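Fold and contact review
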Amino acid sequence: MAKHTKYIEKLKSEVSLLPYNPGVYLYLNDRDEVIYVGKAKNLKKRVNSYFTKKNTGKTRVLVSRIQSMNYIVVDSESDALLLENNLIKKYQPRYNVLLKDDKSFPWICIKNENFPRIFTTRNKINDGSEYYGPYTSMVLVRTILDLIRQLYPIRTCSLKLTEQNIKKQKFKICLEYHLGKCKAPCVGRQTEEEYLEIVENVRSILKGNIHGLQEYLKSLMKQYSADYKYEEALYIKGKIKIIDNYKSKSTVVSPRITNIDVFSIVEDKNTAFVNYLRVIGGAIIQSRSLQMKKKLEETKEELITLAITEIHQRLGNVSRETLVPFLPEYDLPGIKFIVPKRGEKKKLLELSERNAGYFMLEQKKRQEMAKLRETKTGLMEAFKKDLHLKVLPNHIECFDNSNIQGSNPVAACVVFRNGKPSKREYRHYNIKTVKGANDYASMKEVIFRRYKRLLEEKKELPKAVFVDGGKAQLNAAINALEELNLRGKIPLFGIAKRLEEIYVPADPVPLYLDKNSQSLRLIQNLRNEAHRFGISFHRQKRSNEFMNSEFDKIIGIGPKSIQKLLTKYKSVERIKKLKFEELKIILGEAKAKILEQYLQNSSK
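Keep in mind it's a predicted model, so treat the numbers as computed, not measured. (Residues numbered from 1 in each chain as written. Predicted model: local features only at pLDDT ≥ 70, side-chain atom pairs only at ≥ 80, totals over all residues. Heavy atoms only, no water.)

**Topic: the nonpolar core**
Among the nonpolar cores identified, the biggest contains 26 residues, and Phe399, Ile447, Tyr451, Val467, Leu481 and Leu492 are the most heavily contacted of them. Secondary-structure elements contributing two or more residues to this core are strand S13 (407-417), helix H13 (439-456), strand S16 (464-468) and helix H14 (471-483). Residue contributions to this core peak at six residues, all from H14. Beyond its immediate stretch of four places on either side in the chain, Leu481 contacts Ile447, Tyr451, Leu486, Arg487, Ile490 and Leu492. Formed by 24 residues, the second largest nonpolar core is a distinct cluster that contains Phe383, Phe493, Ile523 and Phe533. (Core = buried A, V, L, I, M, F, W, Y, C linked by side-chain atoms within 4.5 Å. Buried < 20%, exposed > 50% of the residue type's maximum accessible area, 1.4 Å probe, protein only. Helix = DSSP H or I, 4+ residues; strand = E, 2+ residues; numbered from the N terminus. Contact = heavy atoms within 4.5 Å.)

Written out as structure tokens, the structure reads:
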């Protein structure tokens, strides 16, 4: 269990390095097997939820088996959905719903036939037909086809319109012709050349050239508005919105790209970062990233050649066609290198380059975090040395009492983890057993209550405890620990008024710290934070007590009336200085007289 907790902490630190982009994440077990694939609109937020929320059932079991993770950044939520689908089919992860249907998403097909039909399908057939998509929304597919049919007369029948059948007049004109939705090529009223011109326009729209379509719809909407046909205009506006969000093709899945490898590289002065994508059957099924330390002044061409060789050796995957941002230094046997300039292959290369860029940022953040941990460890090591501790003080607590002339005695406990405040662990204490101003007895009570509870709840004890005060407060804390049989088990220190003097139990001579040392600065932060936290609680308690004792005595004025005065004038002192007319505006004449009389009597 402790070992897995260590992995969870490691994974939490890795989550902080994730980008806020859409993408897909993969969880792996201790055998490096993919056990879960998920998609995300925001990778960091989604993955973080697994390690911050209280998981139940199968999710808890899944999290308990995660040893490492990987991710791929994509352009959009739709791409994330498609890529998730591909990776689930490839890896069949244990904790995913199994996807056995290889036709999950709809496509728009231009059929390979005379007078081609244009329709939606989930079945891709290798018969020379053209397929556009896949689309993650059937609503979008229907909208596109509806708009195309509004613009162009496309046949919807499944007749076999060969030249011979048309000449033999085997078919009759149908209702679609009379409705103006078809030009009846079945009876020779439209030539195939004319029909193919329409298909070419449709093909252009499906490829993403939708500017003309958008302009047409906008002019139609304006015309409807000018004719006061607002319902029709609103309908067209909805179509425009769908078209604006329309994306003609995905970089994650493309039927026109079969088996291909994609390599990209980004670099800084000392390191190169390479990303690899593997595309099988038009879909991305694998992604890996590689970091390479430069030893000499290696060129990009040399580095990418080494990276391609290394990844091929590691994964054993070699596609005959490989996309690269520039030609490598050497030709590799059996591989054809292509530097794409435009189109879908160029978009795949750009996607790989983005992932390489995110990998570089992740590694740099990881290095910064490692340096920060080293800095924190260095501070803790110095603190341990300066105060002669046996273990690193990664958990320190500090106590401070607060009272004014014995009234409302309270105490505060602040907690620092690795030299930083852990505010959710701060605690306030009302002094219960001590009457009047007795800092020593108050300190003993608070120390006893704090560590009695930690022992009862079997929680971790601090590696060092500080009390704000001299030897008397320190001795009070020692007595409390002795009653709990903890004396000598928790290092205890007293902070003198002269900050550089630290009192240690059983030593009449205080420990002196260098005024410029990091250890002394940390102790100062501890004391200041405990003092601030205690004072704020004391002020709040005094204010509440004054309100309860002062205004509860006034018969005839309720809490809501007093609240109105406090909201406007902010303090009791300002209320006491108000004239009758000012009170009357807020409270009314009767209540104003009661309060004025009370304030006059209380001031005598």
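**A word on unusual backbone geometry**
The phi dihedral of Gln92 falls on the positive side, at around 45°, and the residue is not glycine. Secondary-structure assignment places Gln92 in the loop between helix H4 (77-91) and strand S4 (107-110). Given a relative accessible area of 34%, Gln92 falls into the partly exposed group. Even without being a glycine, Asn418 presents a positive backbone phi close to 50°. Assignment of secondary structure puts Asn418 in the loop between S13 and strand S14 (420-421). You can call Asn418 partly exposed: its relative accessible area is 37%.

**Regarding the side chain of Asn29**
Along the chain, the position of Asn29 falls in the loop between strand S1 (23-28) and strand S2 (34-40). With relative accessibility at 9%, the residue Asn29 sits in the buried group. Apart from the residues lying within four places of it in its own chain, the contact partners of Asn29 are Ile35, Arg65 and Gln67.

**Comments concerning the packing of aromatic side chains**
What the rule picks out here adds up to 15 aromatic pairs. When the centroid spacing of 5.9 Å and the interplanar angle of 65° are considered together, the rings of Tyr25 and Tyr50 count as edge-to-face. Taken as a pair, Tyr25 in strand S1 and Tyr50 in helix H2 (residues 43-52) lie far apart in primary sequence, 25 residues in all. Classification of Tyr50 as buried rests on a relative accessible area of 6%. Plain terms: the ring middles of Phe115 and Tyr195 are 5.5 Å apart, the flat faces sit at 75° to each other, and that makes the pair edge-to-face. Of this pair, Phe115 sits in the loop between S4 and strand S5 (118-121) while Tyr195 sits in helix H8 (residues 192-206); the two residues are 80 residues apart in sequence, bridging distant segments of the chain. Judged on exposure class, the residue Phe115 and its partner Tyr195 are both buried. Each member of the aromatic cluster is reached from another via a ring pair, and the members are Tyr25, Tyr27, Tyr36, Tyr50 and Phe51. (Phe/Tyr/Trp six-rings, centres within 6.5 Å; stacked < 30°, edge-to-face > 60°.)

**Topic: the sheet that holds strand S3 (residues 68-73)**
Spatially, three strands are ordered S2-S1-S3 in an open sheet, and the strand pairing comes out antiparallel. Single-partner strands in this sheet number two, and they are S2 and S3. For this sheet, the mean inter-axis angle between neighbouring strands, taken without regard to orientation, is 20°. Bridging between S1 and S3 involves six bridges; their strand directions are antiparallel. Across the sheet, Tyr25 pairs through a bridge with Tyr71, a residue of S3. Contacting S1, S2 and S3, H2 crosses the sheet at an angle of about 30° to S1. Across the sheet, H4 lies against S1, S2 and S3, angled at about 170° from S2, the strand it touches most. (Pairing = 2+ DSSP bridges. Axes fitted to C-alpha atoms, helices over the stretch in contact; angles between N-to-C directions.)

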